[in-house]
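Take a look at the letters that make up each chain.
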Amino acid sequence: MATPGIHPGWRIAWGGLAWAAGVALQLQQAALWLPLHYGLLLGAGLLLLPLGWQMSVRQRQLAAGGGLVLGVLGLALLAFASTGLRAGVRLAEQLAPALEGRDLLVTGIVAAMPQVGPSGTRFRFEVEAAVTPEGRPVPLPSDIALGWYRGFADEAALADPRAELRAGQRWRLPVRLKRPHGAINPQGFDSELWLWEQGLRATGYVRVAARGPAAERLADGVAHPVERVRQALREAIAREVSDLRLAGVLAALVVGDQAAIEREDWDLFRNTGIAHLMSISGLHVTMFAWLAGGVVGWAWRRSARLPLWLPAPLAGGWGGLAVATGYALLAGWGVPAVRTLLMLAVGVLLRSAGLRWPWLMVLLAAGVAVIVQDPWALLQAGFWLSFAAVALLLASEPMQRVVDAADGPARPPGWRLALNGALRSQLVATLGLAPLSLVFFQQLSIVGFIANLIAIPLVTLMITPLAMGGVVLAPLWWLAALVAKGMVAMLAWLASWPGAVWQVPAAPTWAIVCGLAAAVVGLLPWPWRLRWLALPLAVPLLWPPLQRPGPGAFDLVAADVGQGTAVIVRTRTHRLLYDSGPQYSRESDAGQRVLVPLLQAQDDLGLDLLVLSHRDIDHVGGAASVLAALPPRELLSSLEAGHALLQGAVPQRRCEAGQSWDWDGVHFELLHPLAQDYAQPQKSNAMSCVLRVVDAQGRSALLTGDIEAPQEAVLLQRLGPALRSDILLVPHHGSRTSSSAEWLDAVQPRVAVVQAGYRSRFGHPAPDVLARYAERGIPLVRTDQCGAWLWHDGAAMCTRAVQRRYWHWVLPAAGADVAKPTAGEGSP
């Protein structure tokens, strides 16, 4: 019997929202509880559900409302508890700290097609057995991420067997592993979360050494047939299409290999707002389901008997779902494809059961299905963008015709009606998704509306069908590449327009809420006098208020860039970057991965000065990316004449002791090297630019590069007590060559910051250096343990502590069995 005053649809909607809320709350936990605690919550949820149901079926309105509340609370508790228990199982699989950096011999299967790049090959490895060099079995996570490199790192050299690596093969590999650990920076990409979502609880590399066991291929084609097919198709595309950039685009559309797309092309697609089309998106899956559903429905109607067993519209729906499932499997079962597939499956199941839910209710059910399958999808930008896009497009006529195709092909609309519908759909999607794009990426493509009008029909109706047709008839790949080439040229022209991309700093929470409200108010069918409210609501997100230092003050960010140096110093109206971090591999560096996103999210000031302390790759490795994305007004360095980084148009000066300037009441002074140091041969470390920053209250920071004990002694002789500073960037990452006792006694820092990589193969910071700091009671902060270190108006914090979640790396407890870093340990 229906509950008076509460429609069944509302009960379903509240139930779905309750489940999502319970999962979302659990994802905020900094640490997991004991399984007993989750078990108690699970039991409470199971008790509340039937109690709420009994109350909801009563005829009294008050009891029905109370029943709904109890049912919602019960579902939220079930969601919270079940997610916590699943997280505990996954966390228990993590690599033991005692096995980090140890030489291991691992037998297993290549579980996915390898990703080949300029610096080597990365792949997922399904572990079957693992032993130490002595033959002692050790437990490992079931799935690990491995790299087999070309020799960019000292000991990760490439051997010929890597070229034979294929999905489904069984190998015995000598490896070194570590627990999941990545850079943690404000508004930065959370690689530890990505590894958690993928179920990868250890990372490492194949080790090739003169002594010890070699990599050995044991068998071919023993598992993962779908992955073997995907790899064969990717290689066939590469053979047919000589242009590797275009071959990468086709591989992304056919087999979902997004890593095949060049970095420059991804930048182009993001800046023109069509990046969603360059992966196996929901639009592609829906297109295949629609086409297959129409064909199956048409063929079904040709039979006299089949429609008596199953109506043609339902047959078309199930046929379209089957084809879409096959396409999603071929494309690697990516998250966007799975979301769309679940939405289509919910729709087909409901119609098979004779139910006609509103499409927004179907969307909610699909969202809950995704969250049940993968609770951590709630943390992905793609989850919100995908469902928001579908929700917006379902409100427009063209997409409604697509999703209703399970009932049979609709009569095609006139071309003018179709064009108007397409324009309206694109306009709604562009405006509606703009706030989410600003929230997640701090940028908005101004040319995205035009670019999508061009790219959507080309990619969806020409490039993707031709690329899929190439599976049967290979020359079609060449034709698809030709169309893609023309589209890329058109996109490059659009991206060259002045102001093609609107870039904004990260907004505070209240500004985000206002921006999202602006999208809802502006797109709902309300009177225009109300919809105009969207404009003032959008302003805080488009021009977010920023927390900047006051006059005479500065703030400082020691970025988490791994084994390298990069420090951002900001005053009221100026910003300086001291060093640019390391180059991680031939195709990746700290500038592109960390510093450019961090600088853009922090402020809209631009970059006044880039200081490159010396030529070492862990200090200038990201400079090219910074210079390209955020050209500074001036470059200050100790680089030798003719260095590649000095060939640009940016005005340049040489670092020399005595140079100084003032920004907003903050004093900057270079202390080293001396002008005469350039006239004699020196180690690169000895030429490090040393910069001291002092605010109006006398608070100071000393940035030292890689100076060593001889340079410390020279500075002590020249400046003595004047070196006293509140913040010390520990010289040379804590190497034994630096941080002499006399130096520390003169500087007397209140806090010292070490920028070093996790389990640094150089052993930074050295134990005896740590001891010298500890003896003097100097607090020492390590970015490999703290993440980015932030200092603002005398207050300091670690990004890792602020953003702590249970999937993040944690320092092993005191007394735990932990393997020490070994010489040569590390990977790009």
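Residues numbered from 1 in each chain as written. Predicted model: local features only at pLDDT ≥ 70, side-chain atom pairs only at ≥ 80, totals over all residues. Heavy atoms only, no water.

**Student:** Please provide a residue-by-residue account of the pairing of strand β10 (residues 555-558), values included.
**Tutor:** In β10, alternate side chains face the same way, and those of D555 and V557 on one face and L556 and A558 on the other are all buried. Across 4 bridges, β10 lies against strand β11 (residues 567-570) in antiparallel orientation. Looking across to β11, one finds that L556 is bridged to V569. Relative to strand β25 (residues 789-792), β10 runs antiparallel, the two being bridged by 4 bridges. Within β25, the residue paired with A558 across the bridge is W789. (Buried < 20%, exposed > 50% of the residue type's maximum accessible area, 1.4 Å probe, protein only. Helix = DSSP H or I, 4+ residues; strand = E, 2+ residues; numbered from the N terminus. Pairing = 2+ DSSP bridges.)

**Student:** Please provide a residue-by-residue account of the sheet that holds strand β12 (residues 575-578), values included.
**Tutor:** Here 8 strands make up an open sheet; going across it, the order is β17-β16-β15-β12-β11-β10-β25-β26 and the pairing mixed. This sheet does not close on itself; its edge strands, each paired only once, are β17 (652-654) and β26 (795-798). This sheet shows a mean twist of 15 degrees between the axes of neighbouring strands, independent of strand direction. Alignment of β12 against strand β15 (residues 609-612), held across 3 bridges, turns out to be parallel. Considered in β15, the bridge of L577 is made with L610. (Axes fitted to C-alpha atoms, helices over the stretch in contact; angles between N-to-C directions.)

**Student:** Describe in detail the nonpolar core, supporting the description with residues and values.
**Tutor:** Ranked by size, the top nonpolar core spans 52 residues in total, and within it L250, F269, M278 and W477 carry the most contacts. At the level of secondary structure, the elements contributing two or more residues to this core comprise α5 (225-240), α6 (244-255), α7 (263-271), α8 (282-301), α10 (312-330), α11 (335-352), α16 (448-469) and α17 (475-495). Judged by nonpolar contacts, the second largest core, of 29 residues, contains L576, L636, C655 and V693. (Core = buried A, V, L, I, M, F, W, Y, C linked by side-chain atoms within 4.5 Å.)

**Student:** Talk me through the state of the cysteines; I want residue IDs and the actual numbers.
**Tutor:** Tallied over the entire structure, the rule returns 2 disulfides. Two residues share a disulfide in this structure: C655 and C689, whose sulfurs sit 2.2 Å from each other. Across the disulfide from C655 to C689, rotation about the S-S bond amounts to roughly 105 degrees, and the bridge is consequently right-handed. Here C655 is found in the loop between β17 and β18 (660-663), whereas its partner C689 is found in the loop between β19 (666-672) and β20 (690-694), with 34 residues between them in sequence. Considered together, C655 and C689 belong to a single accessibility category, that of buried residues. Two residues, C786 and C798, share a disulfide whose sulfurs are 2.1 Å apart. Handedness of the C786-C798 disulfide follows from its S-S torsion of about -110 degrees: it is left-handed. In this pair, C786 sits in helix α27 (residues 783-786) while C798 sits in strand β26, placing the two residues 12 residues apart along the sequence. Overall, the relative accessible area of 4% leaves C786 in the buried class. Disulfide connectivity for the chain, with bonded cysteines indexed by sequence position, reads 1-2, 3-4. (Disulfide = S-S within 2.5 Å.)

**Student:** Which residues make up the side chain of T272, and what values do they have?
**Tutor:** Structurally, T272 is set in the loop between α7 and α8. Of note is the side chain of T272, whose polar atom sits 2.8 Å from the backbone oxygen of L268. Leave out the neighbours within four places in its chain, and T272 touches S445, V447, G448, A451, N452, L491 and A495. (Polar contact = N/O pair within 3.5 Å; in protein donor to acceptor, adjacent residues only side chain to side chain. Contact = heavy atoms within 4.5 Å.)

**Student:** Run through a nonpolar patch on the surface, naming residues and quoting values.
**Tutor:** A grouping of V520, L524, W526, L530 and L533 is seen on the molecular surface, where their side chains present a nonpolar patch of about 420 Å² in accessible area. The residue L533 is located in the loop between α19 (528-531) and α20 (534-542) in this model. Judged by relative accessible area, which is 46%, L533 ranks as partly exposed. (Patch = residues over 30% accessible without salt bridge, like charges linked within 9 Å, V, L, I, M, F, W, Y side chains within 5 Å. Areas by Shrake-Rupley, 256 points an atom, 1.4 Å probe, with all protein chains shown as cover. Salt bridge = Lys/Arg side-chain N within 4 Å of Asp/Glu carboxyl O.)

**Student:** Which residues make up the packing of α16 against α17, and what are the values?
**Tutor:** With their axes 8 Å apart at the nearest point, α16 and α17 run at an angle of 165 degrees to one another. Relative to α17, the element α16 is oriented roughly antiparallel. For α16 against α17, the interelement crossing comes out left-handed. Mapping the contact onto sequence places I450, A451, I454, A455, L458, V459, M462, I463, L466, A467 and G469 in α16 and L476, W477, L479, A480, V483, A484, M487, M490, L491 and L494 in α17. (Parallel < 35°, antiparallel > 145°, perpendicular 65-115°, else oblique. Left-handed = near helix turned anticlockwise from the far one by under 90°.)

**Student:** Mind laying out the packing of α6 against α16, listing which residues take part and the relevant values?
**Tutor:** Contact geometry for α6 and α16: axes closest at 9 Å, N-to-C directions at 85 degrees. The orientation of α6 relative to α16 falls into the category roughly perpendicular. Judged by residue contacts, L250, L253 and V254 of α6 engage V459, I463, T464, A467 and M468 from α16. In the contact of α6 with α16, the residues fall into 7 nonpolar, 1 polar and no charged. (Nonpolar A, V, L, I, M, F, W, Y, C, P; charged D, E, K, R; others polar.)

Geometric descriptors of this kind do not, in isolation, establish any biological role.
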